[in-house]
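Fold and geometry: a report
This is what each chain is made of:
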Amino acid sequence: AQSVSQHNHHVILSEAASLELGCNYSYGGTVNLFWYVQYPGQHLQLLLKYFSGDPLVKGIKGFEAEFIKSKFSFNLRKPSVQWSDTAEYFCAVTPYSSASKIIFGSGTRLSIRP
Amino acid sequence: SQTIHQWPATLVQPVGSPLSLECTVEGTSNPNLYWYRQAAGRGLQLLFYSVGIGQISSEVPQNLSASRPQDRQFILSSKKLLLSDSGFYLCASSGVAGPYEQYFGPGTRLTVT
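Read on for an overview of the structure. (Residues numbered from 1 in each chain as written. Chains lettered and ligands numbered in written order. Predicted model: local features only at pLDDT ≥ 70, side-chain atom pairs only at ≥ 80, totals over all residues. Heavy atoms only, no water.)

**Some details on the pairing of strand β8 (residues 64-68) of chain A**
Residues and elements named next belong to chain A. Two strands pair when backbone bridges link them, and strand β7 (residues 56-58) and β8 are joined in this way by 3 bridges, in the antiparallel orientation. Paired with Lys58 across the bridge in β8 is Glu64. Between β7 and β8, which pair antiparallel one after the other, the connecting turn spans 5 residues, and Lys61 there sits at a positive phi close to 60°. Where β8 meets strand β9 (residues 73-78), 5 bridges bridge the pair, whose relative direction is antiparallel. Paired with Ile68 across the two strands is Ser73, which belongs to β9. Where β8 folds back on β9, the antiparallel hairpin that results is connected by 4 residues, among which Phe72 adopts a positive phi of roughly 50°. (Pairing = 2+ DSSP bridges. Helix = DSSP H or I, 4+ residues; strand = E, 2+ residues; numbered from the N terminus.)

In structure tokens, the structure reads:
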């Protein structure tokens, strides 16, 4: 069955530390990949997306993610986190040609110590 | 960009009572629409999706149903709520062509007592 794994359930960092959140998926075909973020009390919103081209994609607020096809991974990175990055982060995958099979990971809660 | 409205924001209902949650979309036409349930530590579970008026696909067999009476209206219903229906319900919308990035509503917190 198709799945998305986010192995880090809760990550705690100090401000200015570097961040990497893991995301691995299982699907054999071409995929679209997303990271969503949910700040406390706010809607889920799109952080960045990949659907073709350069496997290193840049999103809002200094986040970036790299698609490594051979590893079925789409890890999220930020070189220097801020207290305002405290949020829950979700990785999601859809097959390239289908809107119906959208699979979300279980989420990673990120807490930043000021 | 698309704006998703959901109501009510919170709801407390007794076991066995009916349910109707509404979602409407602004800023697009003929969107794909989705209902999710979000549980802490378990991510988002896709419940239903719709690619057009009257077209509903169910991802998980359960006590809930969905309907799409208008292009930009999506309703989640139940005839008799169970305790296990408690949760946070999210409506989302996406375009009809890839890559299907989704826009989410504010959600409804349902507590079944």
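**A word on the sheet that holds strand β3 (residues 19-26) of chain B**
Residues and elements named next belong to chain B. Read from one edge of the open sheet, 4 strands run β1-β3-β8-β7, paired in antiparallel fashion. The open sheet terminates on both sides in strands that have one partner only, identified here as β1 (3-7) and β7 (65-70). Put simply, the sheet's adjacent strands are angled 20° from each other on average, direction ignored. Of the strand pairs in this sheet, β7 and strand β8 (residues 73-78) are connected by 4 bridges, and their pairing is antiparallel. (Axes fitted to C-alpha atoms, helices over the stretch in contact; angles between N-to-C directions.)

**Some thoughts on the environment of Pro40 of chain A**
Residues and elements named next belong to chain A. Here Pro40 shows up in the loop between β5 (31-38) and β6 (44-50). Under the relative-accessibility criterion, Pro40 is labelled exposed at 62%. Put simply, Pro40 and Glu88 are 48 residues apart on the chain and 8.1 Å apart in space, counted from C-alpha to C-alpha. Apart from residues lying up to four places away in sequence, Pro40 is in contact with Thr86 and Ala87. (Buried < 20%, exposed > 50% of the residue type's maximum accessible area, 1.4 Å probe, protein only. Contact = heavy atoms within 4.5 Å.)

**Description of the interface of chain B and chain A**
Between chain B and chain A, the contact holds 20 residues from the first and 21 residues from the second. Together, the buried faces of chain B and chain A total about 1,700 Å²; carbon and sulfur atoms form 60% of this surface. Applying the counting rule to chain B against chain A returns 1 salt bridge. Here Glu101 of chain B ties to Lys49 of chain A by a salt bridge, and the two come within 2.2 Å at their closest N and O atoms. Between the two partners, chain B and chain A, sit 5 residue pairs in polar contact (both at pLDDT 80 or more). For the side of chain B that touches chain A, the secondary structure elements donating two or more residues are β4 (32-39), β5 (43-52), β9 (87-94) and β10 (102-104) of chain B. (Buried area = accessible area lost by both parts, 1.4 Å probe. Salt bridge = Lys/Arg side-chain N within 4 Å of Asp/Glu carboxyl O. Polar contact = N/O pair within 3.5 Å; in protein donor to acceptor, adjacent residues only side chain to side chain.)

**A short note on the nonpolar core**
Core analysis: the largest hydrophobic core is formed by 29 residues, its most contacted members being Leu33, Trp35, Leu48, Phe74, Leu76 and Tyr89 of chain A. Sorting the residues of this core by element identifies β2 (10-14), β3 (19-21), β5, β6, β8, β9, β10 (87-95) and β12 (108-113) of chain A as the ones contributing at least two each. Leu48 of chain A has contacts with Leu33, Phe34, Trp35, Val57, Lys58, Gly59, Phe63, Glu64, Ala65, Phe74 and Leu76 of chain A, leaving out every residue within four places of it along the chain. If you look at the next biggest cluster of nonpolar residues, it comprises 19 residues, including Leu11, Ala66, Phe74 and Leu81 of chain B. (Core = buried A, V, L, I, M, F, W, Y, C linked by side-chain atoms within 4.5 Å.)

The quantities given are spatial measurements derived from coordinates; they are silent on function.
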